[in-house]
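Chain and residue survey
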Amino acid sequence: MSDHGTLTSPEPLVRADARLDRRRRFGSLFDAPRAGRVGVLLPPLDVPEADPAALYGKAHRPGVEGEVEASEVDVVRHFTRLSQMNFAIDTALYSLGSCTMKHNPRINEEIARLPGFNDTHPYTPEHLSQGNLELLFRLEEALKVLTGFQRVTLQPSAGANGELTGALMIRAAHVKAGNARKHVLVPDSAHGTNPATAHFAGYSVIELASSPRGTVELSELEAKLTDDVAALMITVPNTLGVFEERILEIAKLVHAKGAYLYLDGANFNAFVGKVRPADMGVDVMHMNLHKTFSTPHGGGGPGAGPVGVCPSLVPFLPVPTVEWSDGAFRLEYDRPDSIGKMRAFHGNFGVLVRALTYILSYGSSIHEVAENAVLNANYIRKRLEPFYHLKYEAPSYHEVVFSDRLQAAAGVHNIDIAKRLMDFGFHPPTMSFPLIVPGALMIEPTESEGKDELDAFVDAMIAIAKECETSPGIVTSAPHTTPVGRLDDAATAREASRPGNFAPVLRAPVR
Amino acid sequence: MSDHGTLTSPEPLVRADARLDRRRRFGSLFDAPRAGRVGVLLPPLDVPEADPAALYGKAHRPGVEGEVEASEVDVVRHFTRLSQMNFAIDTALYSLGSCTMKHNPRINEEIARLPGFNDTHPYTPEHLSQGNLELLFRLEEALKVLTGFQRVTLQPSAGANGELTGALMIRAAHVKAGNARKHVLVPDSAHGTNPATAHFAGYSVIELASSPRGTVELSELEAKLTDDVAALMITVPNTLGVFEERILEIAKLVHAKGAYLYLDGANFNAFVGKVRPADMGVDVMHMNLHKTFSTPHGGGGPGAGPVGVCPSLVPFLPVPTVEWSDGAFRLEYDRPDSIGKMRAFHGNFGVLVRALTYILSYGSSIHEVAENAVLNANYIRKRLEPFYHLKYEAPSYHEVVFSDRLQAAAGVHNIDIAKRLMDFGFHPPTMSFPLIVPGALMIEPTESEGKDELDAFVDAMIAIAKECETSPGIVTSAPHTTPVGRLDDAATAREASRPGNFAPVLRAPVR
Amino acid sequence: MRYIPSSPAEREALLAAVGAVSIDDLFATVPRAVYRTERPTLPPPASEIEVRRDLGRVAAKNAHLGEWTSFLGAGLYSHHAPAFVSQLLLRGEFLTSYTPYQAEVAQGTLTAIWEFQTHMALLTGMDVANASMYEGASAFVEAVLMAERLTKKRTKVVVSTGVHPEYRQCLRTYLVNFPFTIVEVPLGKDGTTDAGALAAAADDATFAVCVQSPNVFGIVETWKAAADAAHARGALAIGVVNEMFSLAVLEAPGSAEIDIACGEAASFGLAPSFGGPLVGFLACRDAYKRQIPGRLVGRATDADGRSGFCLTLSTREQHIRRERATSNICTNQGLFALAATMTLSVLGKQGLRETAVQCLSKAEYLKAAVKAIPGPFSVAFAGKTFNEFALHCGVPVNEVLRRAEAKKILAGVPYARLEPSASAYRDLLLVAVTERTPRSGLDALLDTLRSF
Amino acid sequence: MRYIPSSPAEREALLAAVGAVSIDDLFATVPRAVYRTERPTLPPPASEIEVRRDLGRVAAKNAHLGEWTSFLGAGLYSHHAPAFVSQLLLRGEFLTSYTPYQAEVAQGTLTAIWEFQTHMALLTGMDVANASMYEGASAFVEAVLMAERLTKKRTKVVVSTGVHPEYRQCLRTYLVNFPFTIVEVPLGKDGTTDAGALAAAADDATFAVCVQSPNVFGIVETWKAAADAAHARGALAIGVVNEMFSLAVLEAPGSAEIDIACGEAASFGLAPSFGGPLVGFLACRDAYKRQIPGRLVGRATDADGRSGFCLTLSTREQHIRRERATSNICTNQGLFALAATMTLSVLGKQGLRETAVQCLSKAEYLKAAVKAIPGPFSVAFAGKTFNEFALHCGVPVNEVLRRAEAKKILAGVPYARLEPSASAYRDLLLVAVTERTPRSGLDALLDTLRSF
Ligand SMILES: Cc1ncc(COP(=O)(O)O)c(C=O)c1O
Ligand SMILES: Cc1ncc(COP(=O)(O)O)c(C=O)c1O
């Protein structure tokens, strides 16, 4: 019996007949009017009851019309049922490239939920928050060890927010040096947040066309690297999974022009413990703790985007920093060149607790993360190369980007392959970028997949490639086993056909 | 759009074609040999390492051959995937009669997990366990209020264990009075644990045939109530959901013979807060905290089966009891007539914490539990009566027992209806008893179902009744939407055909 | 390592399959000068037992709200967190999934986000809301930038100083590189933003007028004053809320002609967690939806007519629009938007209202009692409040804190901590209550004040 | 009430549908004399906020193992509980389902039970194991009753006094009404059950000979002695284990001719929870499986050949066989059998062994150090031990406990607490360690002993 995690024979698990399948469907809690139902009890009011109508007069609002009315039972069931419609890392390999969907250890959740961390207010006096400050201090120290940077700010709320923090520091440094400069260079393979960030930092974006290897073309860089360039934002390995072999020369060129080298550290998972970015000449880099450092993605967030900086950028770090002096930790606000604050309070603290827990768990073995992430991606590449087109052939690191070129001939596109993969029980690859690979299938297995799961995934991808030849209709009409069929297509199509007129239903109506 | 929790149109959610459905199946962790995988790290050993081989010599065992080898990732995924194959109260109405599958509030879980409760050892000195003893004391007090008994022991591990505790106390009392007596009377409608318990207490069982109303036939009782009868074990409301209207006369008859009246309190949910069993003349009763008091059933357990007793049985309670004196709680072992201990330590303490949490949450409104449980069962009865046969027509309390009589004509049996109900998203009713209703469908909705969910369930039952007429094959071949089809049939059949020869596969082989 | 499934033998098999002799082969394109062969200088891997011991000790050094009576607020309020919420958040299907790019396998997340959008829209009285922002301050900044895009070619934003100082500080940080000026309008004697000053500050170059209510001193503002000031000049009015329960008893910004509402929704059951992760929100009129930053979920139907949810209007976003996107936000606060949604669902209409009335009542009780104390304390402003107010201290604020700490009370947030430069407010202590603050706690604080 | 979904209006609709005017109508067959119209005399309903406050204070009165260094064992040992276990146990699909009577909708529970059975069988070296018993003591009683059924018409059970006193006490409680005699065999000088005495006590009326290893004093017994004593007289040998990690370094009962193994499996990551819920187990040779008490899960295939799991051999059970059932057990310890299964899965072969070696090493360290202390303490027995040993105290045991408590140490379990009547053992303190006990804890206990 080979019943364990491998693919079944094509025999159906669910009988086919419409008459046989009577499963219930559940929509939104707002769909079912349950007037008069109650979900919570409060303690009896132990002070005289104030009358808001009398107190506020005209400004009084009698309540929130349209809000849910439900019992605790209704609510627990609703969200339990909802969850059952999600794919997740906890259920199978989640190949969404660039997102580093790795195992999220449960000890992280436990530690982050300790009341001593979780139930503390950010304005608690410092002498009563020494544990929290120690945690921040220790995480910064660990990230300094791993990156080689002089200091690391933990404040940014996510990767993109870290990018902006970095860009603002760069700009502040240039301003301080007398010239803000005008442009930021961004390779055409970059993630969308990079150009967006540059824009929000007040820079215009100049795109660098990639070399045939998918990396930065040095001649292109030199051509565009004027005195008006504030920084080059690169990603290493880049979104093709390719390492910038000539990173040291790139850094030299950039520095020679007085510009800064920004590293998008979203792909730190490919080299954590193996290379310190500061050693490569990187001046500033954000890390996505929700990628490399295993904090859960939570259906879209939260994340945390600490930013490490070289010595010359230290004065510009956001306030406060955490300092140790006279036997105590304290928050330092007195930093005259600081860019200020990126958000209220001290960052996504709970995410930081999880990340430190993870770093302590790996400790000095953390380079194994990178080693196995790269090994797994290469294994997938090797096994799928005969079946899917690989536009860029440079060695892969943590991810590999195929395209649908071979399948497109039969009218099957990356989106179809992605949807069909759902029927096989896997989360699809990333398709929205890199833009330089049309029909991209960006696959990042991470280190937390074992050989058996990699094989199951590869077998599914191969089976689909074969289906594209033998019965492409099955693929283009996929998925067949999910609670709903394709929805986004409809919306996107409608939007495209009536740009500006498309009116999606963004909320429940008030009854 | 009517998309919320009601039944869908017969249109299939899953496409039918075998070629379309490629879902993965997962078996047991023991199926997949993963030699060399590691799931935990221990702290480095901080004392000299002992050599078990040298120490134990012949008795040394080098390890446990055949044990799992898996990474944390494998294990988390395995159990997540397993869980997804279960129906549960948290997903929908769970009609399993007699089991009182009610909402299990999450605050109970939170409180039971407080380290002050959860991480305490039973042999911690009493002065360092005052909180635990207080909890036991308060729960006993609350159960005394609800039952009217003199005392309640919290030690029994589940309902059946409570029954045995009660039976042993009864026997001890008779022995002390000079005659252990020989028999226990048990109605033919009783749950299987009742006769089994009587047997394990050293009594022989005499069955009482039920009246046409499904209740105790007083003439039958009088006929069988000899001086050798130690006790009558009844269930109120009984397993038909019918209240023993003549309970007071029954009690009088039993007491007149010097016998004890034992109440199986599994159905306390039907009258908690409405009737105190001691007021009805009951001498001893167990409660299933995992039923009436909402502690989770956990896929089969744990439960807790506290037993309340009238004054004359108090001396026989298990040791220890919890007493309050001199400003402290203490465990009292010095009870010379005690039956002894029913288990190690102090009972299923964690379950007791959950039950007290629940009782505090309802407080003086706890009678609403019974009121709504009975209301819901009656609503189901009313709506299903036109479609299913009701053998006993006496008023229903917390549950209603239909039979498959009408459907059996078309060759459809209770088991088929049960399996088909799965396709509609509900857990089937109980079928294994009461034995006096052939083809029983014992339905207990509990108070924690709202009108909408009751309606959805009823609609499904009605739809199935109609299918039995129009397309019985769909019902007899159900379920169609579950990860596996019927398994138990095969095993049961094989066992029946080769009694004593059937060799089920009870474990994984050692590779 | 327990988080890396493959055994050494399996890793060898993988290496062999890719045709590599050693792991180093896979890193061949890394410049040798920076390729590290020694292990990182971190301590050895820690077991769960050790991590629990180590970080458990660290956590124990903090004063946490389970053991202290807290009057801390100032933008983050500790309300009731229903027990089921944190337990359901642990479900792997929620916890370990990502942005629902693939709708068919993410209906759970998508439905919940759509419900979050609905809740935020209902509470603020707006037409639409997005899938979440990082937290209140950055949501505020995004709202201001959005207003700028919507009005075009204007350069000035008018901000009440009643807006939380950290929010204003963030605005300065984010706007420094744009040719915009920020004009801050001071508060009047009663603690509300002076309507005249607001109107005066707004001119034809103004793209937004921003107020917060209740403001940082807990004072209820008149939304209409900001709306009028803005609309008189063709600007948009932005309403900031960071105590969302106030919206169950106070006029919604959307009902008072505010154009964009934004702020912090952590009041809905989120643990304070030293200030994050929280959950920002941004809601607005339907006409402005194409300038909303961040994700949006819409309801749609599939080819077979089944209703479902999917990401929509994505062309606003960075992954499509790149440098012309409405924001650079990508990862948001999904899990905590879900937590707030769960909490709101179980609170419901009635729970929202009851909670708000309790908060209000407790604050009123405290204010009345403070006024009755003959000592050096007074309620700083006459304006109406909800669950927080500024206590004027005639003795050093730190002395008040210290005395309270001795009784395990966190008496409040010194305003000086938020804005050290605001010397006029140096003697103010912000005191907040919620439905979790028991009368005994209120009385204990009053006793402390009476001791002066 | 929040746990009762229907609104008052819905309840009215239900009442109307059933044709009742009031709820009282539904209770018409309850004798009026006992039907209560007043509310129960309990306090008013408590909110989550109040329950947390109330029971949080109660819990805080206990000494818990997170804050104390504990050497408590005596049948219940606090081993490492992997973080994921308690989180996955909260999944409603596990938590809020019941006995998997309906296999098609319970494959999760069934698979896990089957794995539990496999783990127990592997550890004990037996062929089969059941789905769980309540806990160790009742598992032991069930094993004895099972042996009686298997041997027929015999009346005597021989039990080593090395079996946990509470287990023996339970045996007396359960057996009192049967015509069976219990013969207890004392321990020899070295703390093991005297093999000769065991053989002598067994006769042709004997149906079972029972030993525990490690026994209640932590001493490793020789299974074979019990097996020989039993088999020489046609009786069955029962082996009790309540420190399951010992089976990773010590001979399995099933490899030493023991017929039935039973005991407590809480060592696999269960919280002590003041003694319950725990998880008992019972394993035996294949030939005896039809006399096993409680549930059994088997692997089977459905009509389409798909592999699955279902309850099997149910005709042993009370719901079918009634008074002739092999036990009256119905509800068992499902969720905690699952917890143990999860823990065992992640420990795996290597983790089991490593944990056992650590336990052994720490106990040996402590024993050696005790022997080196010149004071009034000694190791009571010369027999080999695993992770627990009996410390002979030349000073009052309670004085030792008290001094340790001052350092937040729970020094051990006084044997007198388990069996006050055993005056020969009055001066013994049972001292247990696990892999969670750090060296610093061991040394702190030693310091306390040295202080005498
Ligand atoms: C390459 C790259 N850069 C930047 C980001 C933005 O990070 P975040 O989503 O945390 O804002 C991402 C992830 O989404 C990414 O993959
Ligand atoms: C009527 C009745 N009596 C007794 C029991 C036995 O209780 P338990 O399963 O807790 O041992 C049950 C439940 O299973 C029951 O329904």
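Residues numbered from 1 in each chain as written. Chains lettered and ligands numbered in written order. Predicted model: local features only at pLDDT ≥ 70, side-chain atom pairs only at ≥ 80, totals over all residues. Heavy atoms only, no water.

1. Here we look at the overall build of chain C
- Secondary structure summary: chain C contains 15 helices and 15 strands in total.
- Against the globule reference of 22 Å for 452 residues, chain C gives a C-alpha radius of gyration of 25 Å, in line with a compact fold.
- Its C-alpha atoms put chain C at 80 × 55 × 50 Å along the principal axes.
- Counting only residues that meet the buried cut, chain C has 71% of its 452 residues in that class.
- Considering only intrachain contacts with a sequence separation of at least 6, the fraction spanning at least 24 residues in chain C is 71%.
- Summed over its atoms, the accessible surface of chain C is roughly 12,600 Å², and 53% of this surface lies on carbon and sulfur atoms.
- When the 45 positive and 44 negative side-chain charges of chain C are each reduced to one mean point, those points stand 2 Å apart. (Helix = DSSP H or I, 4+ residues; strand = E, 2+ residues; numbered from the N terminus. Rg over C-alpha atoms; globule rule 2.2 N^0.38 Å. Buried < 20%, exposed > 50% of the residue type's maximum accessible area, 1.4 Å probe, protein only. Contact = heavy atoms within 4.5 Å. Areas by Shrake-Rupley, 256 points an atom, 1.4 Å probe, with all protein chains shown as cover. Lys, Arg positive; Asp, Glu negative; His and termini not counted. Charge placed at Lys NZ, Arg CZ, Asp CG, Glu CD.)

2. So, the site of ligand 1
- Around ligand 1 there are 15 residues in total, and S98(A), D264(A), H290(A), K291(A) and T331(C) lie nearest to it.
- Two or more chains meet at ligand 1, and those chains are chains A and C.
- With respect to ligand 1, the side chain of D264(A) contributes an N or O atom lying 2.6 Å from a nitrogen atom.
- Within the side chain of T331(C), one N or O atom sits 2.5 Å away from an oxygen atom of ligand 1.
- Protein chains bury 99% of the 390 Å² of accessible surface belonging to ligand 1 in isolation.
- For the shell around ligand 1, the element with the highest residue contribution is helix α6 (residues 159-176) of chain A, accounting for three residues. (Near = heavy atom within 4 Å. Polar contact = N/O pair within 3.5 Å; in protein donor to acceptor, adjacent residues only side chain to side chain.)

3. Let's talk about the site of ligand 2
- Near ligand 2 lie 15 residues; those nearest to it are S98(B), D264(B), H290(B), K291(B) and T331(D).
- Positioned at a junction of chains, ligand 2 has nearby residues supplied by chains B and D.
- In this structure, G159(B) approaches ligand 2 through a main-chain N or O atom, which is 2.7 Å from an oxygen atom.
- Interatomic distance of 2.5 Å between a side-chain N/O atom of T331(D) and an oxygen atom of ligand 2.
- Isolated, ligand 2 exposes 380 Å² of accessible area, and the fraction of that covered by the protein chains is 99%.
- In terms of residue class, the shell around ligand 2 is made up of five nonpolar, seven polar and three charged. (Nonpolar A, V, L, I, M, F, W, Y, C, P; charged D, E, K, R; others polar.)

4. Concerning helix α15 (residues 439-450) of chain D
All names here are of chain D.
- Helix length check: α15 (12 residues) gives 16 Å between terminal C-alpha atoms against 16 Å at 1.5 Å per residue, within 8%.
- The complete set of buried residues in α15 reads G441, L442, L445, L446, T448 and L449. Across the axial projection of α15, the buried residues extend over an arc of 155°, all falling on one side. (Expected span 1.5 Å × (residues − 1). Arc of directions from axis to C-beta.)

5. Here's the deal with the pattern of salt bridges
Residue and element names in this part refer to chain A.
- Going through the model one piece at a time under the given rule, you end up with 124 salt bridges over all chains.
- The shortest N-O distance in the salt bridge between R383 and D455 comes to 2.8 Å. Taken together, the residues span a long stretch of sequence, with R383 in helix α11 (residues 367-384) and D455 in helix α14 (residues 451-470) at a distance of 72 residues.
- By relative accessible area, which is 25% here, R383 ends up partly exposed.
- The exposure class assigned to D455 is buried, which follows from its relative accessible area of 16%. (Salt bridge = Lys/Arg side-chain N within 4 Å of Asp/Glu carboxyl O.)

6. With respect to the sheet that holds strand β5 (residues 260-265) of chain A
Residues and elements named next belong to chain A.
- Pairing is mixed across the open sheet formed by seven strands, whose spatial order is β1-β7-β6-β5-β4-β2-β3. This sheet does not close on itself; its edge strands, each paired only once, are β1 (151-153) and β3 (204-208). Adjacent strand axes in the sheet meet at a mean angle of 25°, parallel and antiparallel pairs treated alike.
- Note that β1 and strand β7 (residues 307-309) share three bridges and pair antiparallel. (Pairing = 2+ DSSP bridges. Axes fitted to C-alpha atoms, helices over the stretch in contact; angles between N-to-C directions.)

7. A short note on the packing of helix α2 (residues 72-83) of chain B against helix α6 (residues 107-124) of chain D
- For the pair α2(B) and α6(D), the least separation of the axes is 7 Å and the interaxial angle reads 135°. One finds that α2(B) runs oblique with respect to α6(D). Together, H78(B), F79(B) and L82(B) of α2(B) and G108(D), T111(D), A112(D) and E115(D) of α6(D) make up the contact between the two elements.
- Along the lines of polarity and charge, the residues of the contact of α2(B) with α6(D) split into three nonpolar, three polar and one charged. (Parallel < 35°, antiparallel > 145°, perpendicular 65-115°, else oblique.)

8. Quick notes on the interface of chain D and chain B
- With 192 residues of chain D in contact, the opposing surface of chain B contributes 202 residues.
- Taking both partners together, chain D and chain B bury about 17,100 Å²; carbon and sulfur atoms supply 62% of that area.
- When the buried surface of chain D facing chain B is broken down by residue, E104(D), F274(D) and R322(D) rank first, second and third, together holding 6% of it.
- Scanning the region where chain D abuts chain B turns up nine salt bridges.
- Here E65(B) ties to K349(D) by a salt bridge, and the two come within 3.4 Å at their closest N and O atoms.
- Applying the counting rule to chain D against chain B returns 95 residue pairs in polar contact (both at pLDDT 80 or more). (Buried area = accessible area lost by both parts, 1.4 Å probe.)

9. A word on the packing of aromatic side chains
- Tallying each qualifying case throughout the model produces 56 aromatic pairs over all chains.
- Summarising the aromatic geometry, the rings of F349(B) and F274(D) are spaced 5.2 Å apart at their centres and angled 65° between planes, so their arrangement reads as edge-to-face. With one member in each of two chains, F349(B) in helix α10 (residues 349-362) and F274(D) in the loop between β7 (260-264) and β8 (280-284) form a pair that bridges those chains.
- Exposure remark for F349(B): the relative accessible area of 0% places this residue in the buried category.
- The exposure class of F274(D) is buried, given its relative accessible area of 1%.
- Ring centres 5.1 Å apart and planes at 55° place the aromatic pair F217(D) and F381(D) in the tilted group. Here F217(D), found in the loop between β5 (206-212) and α10 (223-231), pairs with F381(D), found in the loop between β11 (377-379) and β12 (388-393); they are 164 residues apart in sequence, far enough to count as distant.
- For F217(D), a relative accessible area of 0% puts it in the buried group.
- What makes F381(D) buried here is its relative accessible area of 11%. (Phe/Tyr/Trp six-rings, centres within 6.5 Å; stacked < 30°, edge-to-face > 60°.)

10. Things to note about the confidence of the model for chain C
- The pLDDT averaged across chain C works out to 96; a share of 100% of its residues lies at or above 70.
- Across the interfaces of the predicted complex, the ipTM metric reaches 0.97, alongside a pTM of 0.97. (pLDDT = per-residue confidence, 0-100.)

11. What to know about the side chain of R299(C)
- Within the secondary structure layout, R299(C) lies in strand β9 (residues 297-301).
- We classify R299(C) as buried; its relative accessible area is 13%.
- Within polar-contact distance, the side chain of R299(C) engages the side chain of D31(A) at 2.8 Å.
- Reaching out from R299(C), the side chain makes a polar contact with the side chain of S307(C) at a distance of 3.1 Å.

12. Here we look at the sheet that holds β12(D)
Residues and elements named next belong to chain D.
- Read from one edge of the open sheet, four strands run β11-β12-β15-β14, paired in antiparallel fashion. In this open sheet, the two strands that pair with only one neighbour each are β11 and β14 (413-414).
- Note that β14 and strand β15 (residues 428-432) share two bridges and pair antiparallel. Looking across to β15, one finds that V413 is bridged to L430.
- The strands touched by helix α12 (residues 334-372) within the sheet are β11, β12 and β15, with β12 carrying the most contacts at an inclination of about 15°.
- This element, helix α13 (residues 397-405), spans β11, β12, β14 and β15 of the sheet and lies at about 40° to β15.

13. Notes on the packing of helix α5 (residues 130-147) of chain B against helix α3 (residues 48-59) of chain D
- Relative orientation of the contacting elements α5(B) and α3(D) amounts to 130°, with a least axis distance of 7 Å. Regarding the angle of α5(B) to α3(D), the classification is oblique. For the pair α5(B) and α3(D), contact is made by G131(B), E134(B), L135(B) and R138(B) and by D54(D), L55(D) and V58(D), respectively.
- Within the contact of α5(B) with α3(D), the residues separate by chemical class into three nonpolar, one polar and three charged.

14. Focus on the nonpolar core
- Core analysis: the largest hydrophobic core is formed by 182 residues, its most contacted members being F79(A), M120(C), F140(C), F217(C), I238(C) and F268(C).
- Sorting elements by how many residues they give to this core places helix α12 (residues 334-372) of chain C first, with 15 residues.
- When near neighbours in sequence (up to four residues on either side) are disregarded, M120(C) contacts A129(C), M244(C), A265(C), F268(C), F281(C) and L344(C). (Core = buried A, V, L, I, M, F, W, Y, C linked by side-chain atoms within 4.5 Å.)

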